[in-house]
Protein chains: 2
Amino acid sequence: MSILVVGSVAYDTVETPFGRAERVLGGSASFFSVAASFFTPVNLVGVVGHDFGEAQLAAFRGRPIDLGGLERMEGKTFHWQGNYAKDLNSRDTICTDLNVFEFFEPKIPVPYRRSEVVFLGNIDPELQLGVLDQVKAPRLVACDTMNYWIQSKRDVLLQLLRHIDYLIINDTEARELSGDWNIYRAARWVLTHGPRGVVIKQGEYGAILMDAEMLFKVPAYPLEEVFDPTGAGDAFAGGFMGHVARTGDLSADNLRLAMVYGAAMGSFAVEEFGIRRFDTVDRDEVEARVRGFRDLVHFDHGLGGTP
Amino acid sequence: MSILVVGSVAYDTVETPFGRAERVLGGSASFFSVAASFFTPVNLVGVVGHDFGEAQLAAFRGRPIDLGGLERMEGKTFHWQGNYAKDLNSRDTICTDLNVFEFFEPKIPVPYRRSEVVFLGNIDPELQLGVLDQVKAPRLVACDTMNYWIQSKRDVLLQLLRHIDYLIINDTEARELSGDWNIYRAARWVLTHGPRGVVIKQGEYGAILMDAEMLFKVPAYPLEEVFDPTGAGDAFAGGFMGHVARTGDLSADNLRLAMVYGAAMGSFAVEEFGIRRFDTVDRDEVEARVRGFRDLVHFDHGLGGTP
């Protein structure tokens, strides 16, 4: 199954302790699409300005990413600029120029309206609901959000939660949304508000998946060099949803494996600025990284388990 | 094999968002011994004052913990008081009354001097070296330390590292010791300074084990109620070393399992103030928790792994 993704396409200017990247391709829909395209075709709905050129589009071309829904509007493309601290865990936003993104009203092209798998990137929850109004009968809808919407549009967000299957957010968002510091109670709170499952991303500490039947934890891949954390969460979502869409299998065992694919794609994202690292990744390397996760966490309880 | 542990025995006064415990049994050797005693006999070397009574000793009795090396000195027992923040990740030390612990010079009773497995709790590295001078030919020595010694006795600590097999420290200590922010590079740094393996504890995010052959990660057990984090790291070390000493098996597979036993014992420690939770734990519950870790992290790569 293909995936419909709606979200931001942006220029990012990023400074980390290891260097600076000027106006590289960013945005939630970009990272998600590139990661998911390793698994299944992706239909991207977003908006760019007239300054978005062939060089940027090239990053999508050569992949099964359909840009029929990438609107081009008069004005400049969304530009985000941020600086990361030494530990790469905290960042200061230097500027957020929404530009054409401020006027984004997702229009889903007719051929995409029968999409079975939908990912709603982090945009205004009213727009996320608007996307669902246009899609006929999706089998699986996942969405992301951020603290800004949790604070400013909580009621709309709670309404949205009743229409989605998986919420994919980070730990600070889960805490703010639920009002609970404990991450497992926060996850349980989400499950009582609509979604059948919740994925909580914990940055360098990995991610958890909770649904009615299980709790699964995948660590982050152990990297001795982390270059730029931007987009890791969206790449994670792309790997997770990509594997689910490709297999069409929502069993607990397959969702666990999808989490590991998510973590693998997130780990590639941080190894270079922007989406650059994905230029050199192939499916064999993805599978090798998944085997790496197995080596990292598996153990055999049979060994002298009982005195 | 039995384990010789040398470290602090203390009174802890702890305040968390969930309550307060006044002068409960604490100290690295206490938590370590109680956790390790689920696996193998423990010989404890430490010091207490005359205010340390039968009620406190009762916590050790009924377990295979030999107190022949618990010296009683004129004066008061070490007392630590701390307050935890809401997130339980940071704490303020209100007071550290070393009392008799200030004059502690571990004297290893003759019967313990042939110990094959030794754990050096967090004390002055000169005293840790002094313990090793008294023990004949240990097969396995692990030690803990803290930022205070890393700053004030770095040279002695580096000398000690050349005489131990496993260093078991937390992430901030690993970063300070190595001068490297990246936790995997920090671990590698330790391996180039003597120990054959290093365990880095990451609190609510679990722990990693690195040696020349492998990197293993165990998450923390997912608890919806964490009561008091004090002693979790020492209980972790007790579970890890306890399983290794009981099985006498230093294979990579068995060390992985030892990490999970460590994480299990650490998770019990935080469920009540002090060591209280261990009063109601039995080996069946330990094994059940280890199975819980398996459910938490295992996945099957065979499921539709290749398109």
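Residues numbered from 1 in each chain as written. Chains lettered and ligands numbered in written order. Predicted model: local features only at pLDDT ≥ 70, side-chain atom pairs only at ≥ 80, totals over all residues. Heavy atoms only, no water.

Draft legend 1. Spatial organisation of the relation of the copies chain A and chain B. Once turned by 180 degrees and shifted 0.0 Å along the axis, chain A lies on chain B with an RMSD of 0.0 Å. Here the two chains are linked by the operation of a two-fold rotation axis. When the interface residues of chain A are mapped onto chain B, 100% of them again fall at the interface, so both copies present the same face. (Least-squares fit on C-alpha atoms with pLDDT ≥ 70 in both. Contact = heavy atoms within 4.5 Å.)

Draft legend 2. Quick look at the pairing of strand E8 (residues 117-120) of chain B. Residue and element names in this part refer to chain B. Burial along E8 is two-sided: the face carrying Val 117 and Phe 119 and the face carrying Val 118 and Leu 120 are both buried. As paired elements, strand E1 (residues 3-6) and E8 share four bridges and run parallel to each other. Counterpart to Ile 3 in the pairing with E8 is Val 117. Pairing of E8 with strand E9 (residues 140-143), which is carried by four bridges, proceeds in the parallel orientation. Residue pairing for E9: Phe 119 is matched across the bridge by Ala 142. (Buried < 20%, exposed > 50% of the residue type's maximum accessible area, 1.4 Å probe, protein only. Helix = DSSP H or I, 4+ residues; strand = E, 2+ residues; numbered from the N terminus. Pairing = 2+ DSSP bridges.)

Draft legend 3. Inspection of the confidence of the model for chain A at higher detail. This prediction gives chain A a mean pLDDT of 94; 98% of its residues lie at or above 70. Quick note on the complex model: pTM equals 0.95, ipTM equals 0.93. (pLDDT = per-residue confidence, 0-100.)

Draft legend 4. Inspection of the environment of B:Gly179 at higher detail. Note on placement: B:Gly179 falls in the loop between helix H6 (171-178) and helix H7 (183-191). Separated by 10 residues in the primary sequence, B:Gly179 and B:Trp189 place their C-alpha atoms 9.2 Å from one another.

Draft legend 5. Main features of the nonpolar core. Membership of the largest hydrophobic core comes to 173 residues, with the highest contact counts inside it found for A:Met241, A:Phe278, B:Met241 and B:Phe278. Residues within four places of A:Phe278 in sequence aside, it is in contact with A:Val34, A:Ala35, A:Phe38, A:Arg63, A:Ala235, A:Met265, A:Phe268 and A:Ala269. Formed by 49 residues, the second largest nonpolar core is a distinct cluster that contains B:Phe101, B:Val131, B:Ala186 and B:Val198. (Core = buried A, V, L, I, M, F, W, Y, C linked by side-chain atoms within 4.5 Å.)

Draft legend 6. Here's a closer look at helix H8 (residues 232-247) of chain A. Residue and element names in this part refer to chain A. With 16 residues, H8 should reach 22 Å at 1.5 Å per residue; the first-to-last C-alpha distance of 23 Å fits that figure. By the criterion of burial, H8 is predominantly enclosed, with 13 of the 16 residues buried. Backbone geometry just downstream of H8 places Gly 248 in the positive-phi region, at approximately 60 degrees. (Expected span 1.5 Å × (residues − 1).)

Draft legend 7. Summary view of the interface of chain A and chain B. In this complex, chain A contributes 48 residues to the contact, which on the side of chain B involves 48 residues. Sorting the residues of chain A by area buried against chain B places A:Tyr205, A:Glu224 and A:Phe299 first, and these three jointly supply 18% of that buried surface. Summed over the shared surface of chain A and chain B, the number is four salt bridges. The shortest N-O distance in the salt bridge between A:Glu225 and B:Arg185 comes to 3.4 Å. At the boundary of chain A with chain B, the tally comes to 20 residue pairs in polar contact (both at pLDDT 80 or more). Mapped onto the side of chain A that touches chain B, the elements with two or more residues apiece are helix H6 (171-178), helix H7 (183-191), strand E13 (215-218), H8, helix H9 (252-269) and helix H10 (283-297) of chain A. For the side of chain A that touches chain B, the element with the highest residue contribution is H10(A), accounting for nine residues. Tallied by class, the residues present in the side of chain A that touches chain B amount to 19 nonpolar, 10 polar and 19 charged. (Buried area = accessible area lost by both parts, 1.4 Å probe. Salt bridge = Lys/Arg side-chain N within 4 Å of Asp/Glu carboxyl O. Polar contact = N/O pair within 3.5 Å; in protein donor to acceptor, adjacent residues only side chain to side chain. Nonpolar A, V, L, I, M, F, W, Y, C, P; charged D, E, K, R; others polar.)

Draft legend 8. Expanded view of the packing of helix H8 (residues 232-247) of chain B against helix H9 (residues 252-269) of chain B. All names here are of chain B. The N-to-C vectors of H8 and H9 enclose an angle of 140 degrees; their axes lie 7 Å apart at closest approach. Crossing of H8 over H9 shows right-handed handedness. Contact with H8, carried on its side by Ala 232, Ala 235, Phe 236, Gly 239, Phe 240, His 243, Val 244 and Thr 247, involves Asn 254, Leu 255, Leu 257, Ala 258, Met 259, Tyr 261, Gly 262, Ala 263, Met 265, Gly 266 and Ala 269 of H9 and no other residues of that element. Looking at the contact of H8 with H9 residue by residue, the class counts come to 13 nonpolar, six polar and no charged. (Axes fitted to C-alpha atoms, helices over the stretch in contact; angles between N-to-C directions. Left-handed = near helix turned anticlockwise from the far one by under 90°.)

Draft legend 9. Representation of the sheet that holds strand E4 (residues 42-48) of chain B within the structure. Residue and element names in this part refer to chain B. Strand order in the open sheet formed by nine strands is E5-E4-E1-E8-E9-E10-E11-E12-E13, and the pairing between neighbours is mixed. Two strands close off the open sheet at either side, each with one partner strand: strand E5 (65-72) and strand E13 (215-218). For this sheet the average axis-to-axis angle between neighbouring strands, irrespective of direction, equals 15 degrees. Packing against the sheet, helix H3 (residues 125-134) makes contact with E1, E8 and E9, and its axis sits at approximately 165 degrees to E8. Strands strand E10 (166-170) and strand E11 (197-201) of the sheet are contacted by H6, whose axis makes an angle of about 110 degrees with E10.

Draft legend 10. Looking closely at the environment of B:Asp295. Structurally, the position occupied by B:Asp295 is in helix H10 (residues 283-297). Between the alpha carbons of B:Asp295 and B:Met214 there is a distance of 22 Å; along the sequence they are 81 residues apart.

Draft legend 11. Layout of the sheet that holds E13(A). All names here are of chain A. Across the sheet, nine strands lie side by side as E5-E4-E1-E8-E9-E10-E11-E12-E13; this open sheet has mixed pairing. At either margin of the open sheet sits one strand with a lone partner, and together these are strand E5 (65-72) and E13. Geometrically, the sheet is characterised by an average inter-axis angle of 15 degrees between neighbouring strands, direction not taken into account. Where H9 meets the sheet, it contacts strand E10 (166-170), strand E11 (197-201), strand E12 (207-211) and E13, and its direction lies at approximately 25 degrees from that of E13.

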